[in-house]
Amino acid sequence: MKENQRFKRFQKYFNKVSGSSVEDIHQAMNEDYKIAIQRAEQLSSIERSSYDQPYVVLVPHQLDKGRKVSYRLDLLPNGAQTLVYDQVLISVIIFGQDTFHYYQAHIDHITGEISEDLSGEFNYFDVVHLVTKKGLDQPEKPKYETLDLEIGLADGSVIPIHLRKFRLQSDYNPNVFISENELKIINLLKKKVRESRTN
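Residues numbered from 1 in each chain as written. Predicted model: local features only at pLDDT ≥ 70, side-chain atom pairs only at ≥ 80, totals over all residues. Heavy atoms only, no water.

**Student:** Any chance you could explain the overall build of the protein here in plain terms?
**Tutor:** Helix and strand content of the protein: 3 helices and 10 strands. Ordering the α and β elements of the protein from the N terminus gives α-β-α-β-β-β-β-β-β-β-β-β-α. A compact globule built from 199 residues would reach a C-alpha radius of gyration of about 16 Å, and the protein, at 18 Å, matches this within 12%. For the protein, the spread of C-alpha atoms along the three principal axes comes to 55 × 40 × 35 Å. Relative to its 199 residues, the protein shows a buried fraction of 41%. Residue pairs in contact within the protein that sit at least 24 positions apart in sequence constitute 54% of those at least 6 positions apart. Split by element, the accessible area of the protein, about 11900 Å² in all, is 48% carbon and sulfur. Side-chain charges in the protein split into 26 positive and 28 negative, and the spacing between the mean points of these groups amounts to 6 Å. (Helix = DSSP H or I, 4+ residues; strand = E, 2+ residues; numbered from the N terminus. Rg over C-alpha atoms; globule rule 2.2 N^0.38 Å. Buried < 20%, exposed > 50% of the residue type's maximum accessible area, 1.4 Å probe, protein only. Contact = heavy atoms within 4.5 Å. Areas by Shrake-Rupley, 256 points an atom, 1.4 Å probe, with all protein chains shown as cover. Lys, Arg positive; Asp, Glu negative; His and termini not counted. Charge placed at Lys NZ, Arg CZ, Asp CG, Glu CD.)

**Student:** What am I meant to see in the side chain of Asp86 here?
**Tutor:** Note on placement: Asp86 falls in the loop between β4 (81-85) and β5 (87-95). On the basis of relative accessibility, which here comes to 3%, the residue Asp86 falls in the buried class. Of the polar contacts made by the side chain of Asp86, one reaches the side chain of Arg67; its length is 3.2 Å. One polar contact links the side chain of Asp86 to the main-chain amide nitrogen of Ser70, over a distance of 2.8 Å. The residues touching Asp86, leaving out its near neighbours within four places in the chain, are Phe14, Arg67, Lys68, Val69, Ser70, Ile107, Asp108, His109 and Ile110. (Polar contact = N/O pair within 3.5 Å; in protein donor to acceptor, adjacent residues only side chain to side chain.)

**Student:** Would you mind going over the sheet that holds strand β1 (residues 18-20) with me for this structure?
**Tutor:** Sheets are built from strands paired through backbone hydrogen bonds, the pairs being either parallel or antiparallel. The strand order across the open sheet built from 3 strands is β1-β3-β4, with neighbouring strands paired in mixed fashion. Every interior strand has two partners, whereas the edge strands, β1 and β4, have only one. When the angles between neighbouring strand axes are averaged without regard to direction, this sheet yields 30°. Bridge analysis of β1 against strand β3 (residues 71-75) gives 3 bridges, and the strand direction is parallel. Within β3, the position partnered with Gly19 by the bridge is Asp74. Sitting on the sheet, helix α1 (residues 3-15) touches β1, β3 and β4, and the angle it makes with β3 is about 80°. (Pairing = 2+ DSSP bridges. Axes fitted to C-alpha atoms, helices over the stretch in contact; angles between N-to-C directions.)

**Student:** Looking at this structure, I do not really get α1. What am I missing?
**Tutor:** Note that an α-helix has 3.6 residues per turn; residues three or four places apart therefore point the same way. Helix length check: α1 (13 residues) gives 19 Å between terminal C-alpha atoms against 18 Å at 1.5 Å per residue, within 8%. Among the residues making up α1, those that are buried are Arg6, Phe10, Tyr13 and Phe14. Buried residues along α1 cover an arc of 80° about the axis, so they all sit on one side. Opposite its buried face, α1 presents the exposed residues Asn4, Lys8, Lys12 and Asn15, each directed more than 90 degrees away. If you follow the buried residues of α1, they end up packed against β1, α2 (23-44), β3 and β4. (Expected span 1.5 Å × (residues − 1). Arc of directions from axis to C-beta.)

**Student:** Is there a simple way to explain the packing of aromatic side chains in this structure?
**Tutor:** Each aromatic ring pair is specified by the distance between its two centres and by the angle formed by the two planes. Summed over all chains, the structure comprises 7 aromatic pairs. Plain terms: the ring middles of Phe95 and Phe100 are 5.4 Å apart, the flat faces sit at 80° to each other, and that makes the pair edge-to-face. The residues Phe95 and Phe100 share a single accessibility class, namely buried. Residues Tyr102 and Phe122 carry aromatic rings whose centres are separated by 6.3 Å and whose planes lie at 45° to one another, so their mutual orientation is tilted. (Phe/Tyr/Trp six-rings, centres within 6.5 Å; stacked < 30°, edge-to-face > 60°.)

Right under this line is the structure:
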């Protein structure tokens, strides 16, 4: 998709709250994610060949108070539904041999801009506490369901990883306690931390 077309195409796309998915829109979003993964590798000083696979988590994220996050319920060609957002917080999680690498950034799909890059790493041996917390953004009138992983380190710091934040609405209810991807991330981190204690 050409840059001069992108702004209008994405704005029009997210003006509708539901509809059939459009291939080149999803391709452009996937390109944004690929660029973010490359930035994660650069900031973490690692190469793609040095780890198995990146785990990517996307949650809606408002960067500027003046512009709310727009969402859209997309009907995929296979009949499945998915929620997509015009602004997301991307988390790229990379499990190294002895080190956990994490990267987060804000992606504005309307413009393709990636900002607020944050990267960090820690050794599995330094993890002293892991908390998985599932909940709602507001108990009284919830808009989002959330799942967070809080990683406590030996120096007292806590690293928060947002694994889920999806908009609750009547026509989209995945009714999943924990997804396969979320479970893989949690189980792999616990496995690596436990293995670091026995080596």
